[in-house]
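# Reading the structure
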Amino acid sequence: ELLARHHHAPSALVQMLRELQAALGWLPPAALQELASGLGVTLAHVQGVTGFYRFFHTRPVGDYRILFSDNITDHMLGSRELMADLCQRLGVAPGQTRADGRVSVATASCTGHCDQGPALLINHHQVLTQLDSARVAEMARLVEAQVPVTDWPSAWFDTQDQVRRADVLLGPALAPGLALAAAVARGPEGMLQEITQANLRGRGGAGFATGLKWALCRKAPGTEHIVVCNADEGEPGTFKDRVLLRSHADAVFEGMAIAAWVMGARRGFVYLRGEYRYLLEGLQAVLARRRAQGLLGNNIVGHPGFDFDIEIHLGAGAYVCGEESALIESLEGKRGTPRIRPPFPVEHGYMGHPTAVNNVETFCAAQQIAQHGGAWWAGIGTTASTGTKIHSVSGDCERPGLYEYPFGTRIGRILEDCGARNTQAVQVGGPSGLCVSASEFGRRMGFEDVPTAGAFMVFDRSRDMFSVARNFAQFFAHESCGFCTPCRVGTALVVKRMDKLAAGRGSRHDLDVLNELDKLLHTTTHCGLGASACNPLRDTVAKFRPTFEQHLQSLHFEPAFDLDAELSIARAVTGRDDAAAHMEKPA
Ligand code: SF4
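Cut-offs and rules
- Residues numbered from 1 in each chain as written.
- Predicted model: local features only at pLDDT ≥ 70, side-chain atom pairs only at ≥ 80, totals over all residues.
- Heavy atoms only, no water.
- Core = buried A, V, L, I, M, F, W, Y, C linked by side-chain atoms within 4.5 Å.
- Buried < 20%, exposed > 50% of the residue type's maximum accessible area, 1.4 Å probe, protein only.
- Helix = DSSP H or I, 4+ residues; strand = E, 2+ residues; numbered from the N terminus.
- Contact = heavy atoms within 4.5 Å.
- Axes fitted to C-alpha atoms, helices over the stretch in contact; angles between N-to-C directions.
- Parallel < 35°, antiparallel > 145°, perpendicular 65-115°, else oblique.
- Left-handed = near helix turned anticlockwise from the far one by under 90°.
- Pairing = 2+ DSSP bridges.
- Expected span 1.5 Å × (residues − 1).
- Polar contact = N/O pair within 3.5 Å; in protein donor to acceptor, adjacent residues only side chain to side chain.
- Domains from an automatic or database assignment.
- Buried area = accessible area lost by both parts, 1.4 Å probe.
- Nonpolar A, V, L, I, M, F, W, Y, C, P; charged D, E, K, R; others polar.

Take the nonpolar core next. Core analysis: the biggest nonpolar cluster contains 130 residues, and Tyr53, Trp214, Phe308 and Met498 have the highest contact counts within it. Ranked by residue count, the leading element in this core is helix α11 (residues 249–263), at 12 residues. Among all residues touching Phe308, those that are not within four sequence positions of it are Val227, Met256, Ala257, Ala260, Ala265, Arg266, Arg267, Gly268, Leu296, Gly297 and Ile300. Leu82, Val103, Leu142 and Trp156 belong to the second largest nonpolar core, which has 24 residues in total.

Written out as structure tokens, the structure is:
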């Protein structure tokens, strides 16, 4: 039935694995074999895809799979202590499945709820936010009583939008179809001109000109053109797309339809990150309504021959799939390994078709431009950074949530509005972005000064910026897809050096090694994840060097290998901790 529903298409492999796991709880070898036979592909291929995604399990992980969000902002709100508490109550070690097979507790990279953390994901489906000790205790009781998650208090799963400042995109919604009709009235070329005149730049971080991307895709030869919405919002500290998808889905889908009108596309995909699985039913309902309203399907807005529809694909816990070529690989049912470029997706994307991939927020902006015109949009913000930008504000502030401002807004203004005090740094754009220190709070958000994909994590003076950088280093090592050696090994070596510093065994030599690793990663890795993996480290070492030096045991060379520390495992196994079980420290 599963195979038939997906037309036996190998491109649906990731979706089938998700559905199979949702039904069985894990992916047994026999099920993978059956899937391979049904799809006419090798078992090795199915296993290779399964092994790539963190949310797929080839061993039982329990009836309750609990993943604590592991972003630094969750740590700051006590997530580690809560996780330790839950593990202790349930008698399970972190990362392990309990012997009776009922429950497992581990961490996941940021779940996209930093404004209402600490958060966790349960059974890859539901998100619990604002955790505290009482809720953790009650969760443990419900697990032990074997109460299905569907019967847990529904209020636990209520997530909030927390829109603190709305401008154009988060303001009152446009009536469905209005902007699309305006786009159709302009004609594809006229609409493209508006996008170009608006100087709209992609909101996913790179800031590529949307008009140029659409023009390249439109003129690329092909039997079919494809529109993809990148909703794989995996950058820690970013959660704006979660809110746009939950409360402004019409704007997202309408922007996609406008892109389809410009490029002559008939198919569109939303690649929804696995952590946002709980948004799926709501999104499907909006799609169904829009079909009924004649805003998707055939002859859209009554225009003969304007046919376009949208499918939603779910990711499965791989940050690298936010990179557009990796996302396309995943859409095709493969491992999400970034492609070698050129050719670029606008010429050779999904199944070889010209494909335009844009961020959720970019499509919302396109809807506004279709309604109000490119000149209107270009009049907001600055010359190089037109329009507004939504910031996901979290960390040390009184009012975390979403803040939408015209580009060109000062960082200090955002800090004032969100009630941040005594701030020493802001991490803008997530771990791969920029760490801005207090002396720079007069700088302005925009491609010409401080570019951003949306994350705005605030750290006050009580925070150890070394711990922040260490958390980000762990994130990159965790999310490296392993395809290229410099990234796979380099990110692990960075973590190892940071661990050594954290243990108080580091020297200035380690900072030099970290500097060398930064250069290596920046110049030799296959995709942007590896290239930007040391960004937070570089920034924080440069701006908070004394914080790092506090962690140094000595300013001089110390061997990387500490024999006494390495023996700690043997001491734990044998239960010995006497003097003879330790190495003597050299004088
Ligand atoms: Fe994968 Fe890292 Fe290489 Fe990118 S840089 S392809 S994430 S291993």
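Back to the write-up after that little detour.
A separate point is the packing of helix α3 (residues 29–39) against helix α4 (residues 43–52). At a minimum axis separation of 8 Å, α3 and α4 run at an interaxial angle of 120°. Between α3 and α4, the crossing angle belongs to the class labelled oblique. In the packing of α3 onto α4, the handedness of the crossing is right-handed. Each of Leu32, Gln33 and Ala36 in α3 lies in contact with α4, whose residues at this interface are Leu43, Val46, Gln47 and Thr50.

What follows is about the pairing of strand β1 (residues 64–69). By the criterion of burial, β1 is predominantly enclosed, with 6 of the 6 residues buried. Burial of β1 is two-sided: the residues Tyr64, Ile66 and Phe68 facing one way and the residues Arg65, Leu67 and Ser69 facing the other way are all buried. Looking at chain direction, β1 and strand β3 (residues 120–122) are connected through 3 bridges and run antiparallel. Across the sheet, the residue bridging to Ile66 is Ile122, located in β3.

A few words on helix α14 (residues 360–372). With 13 residues, α14 should cover 18 Å at 1.5 Å per step; its first-to-last C-alpha distance of 19 Å lies within 8% of that length. Counting buried positions along α14 yields 11 of 13 residues, so the element is predominantly enclosed. Capping the start of α14, Asn359 holds a side-chain oxygen 2.9 Å from the backbone nitrogen of Glu361, two or three residues further along. Backbone geometry just downstream of α14 places Gly373 in the positive-phi region, at approximately 100°.

Here Gly234 lies in the loop between β6 (226–231) and α10 (240–247). The buried category is assigned to Gly234, whose relative accessible area is 9%. Put simply, Gly234 and Gly317 are 83 residues apart on the chain and 8.8 Å apart in space, counted from C-alpha to C-alpha. Non-local contacts of Gly234, meaning those with residues more than four positions away in its chain, are made with Arg273, Tyr319 and Phe475.

To continue, consider the side chain of Gln367. Looking at where Gln367 falls in the secondary structure, it is placed in helix α14. Apart from residues no more than four positions distant in its own chain, Gln367 is found in contact with Leu174, Ala179, Ala251, Glu254, Gly255 and Ile258.

Turning our attention to the domain arrangement of the protein chain. Partitioning the protein chain into domains gives domain 1 (2–52), domain 2 (64–160), domain 3 (164–378), domain 4 (392–461) and domain 5 (466–554). Placing a centre on the C-alpha atoms of domain 2 and another on those of domain 5 gives a separation of 29 Å. Contacts between the two partners involve 6 residues from domain 2, matched on the other side by 8 residues from domain 5. Summed over both partners, the interface of domain 2 with domain 5 buries about 450 Å², with 50% contributed by carbon and sulfur atoms. Seen at the junction of domain 2 and domain 5, the total is 4 residue pairs in polar contact (both at pLDDT 80 or more). Taken together, the residues that form the side of domain 2 that touches domain 5 break down as 1 nonpolar, 3 polar and 2 charged.

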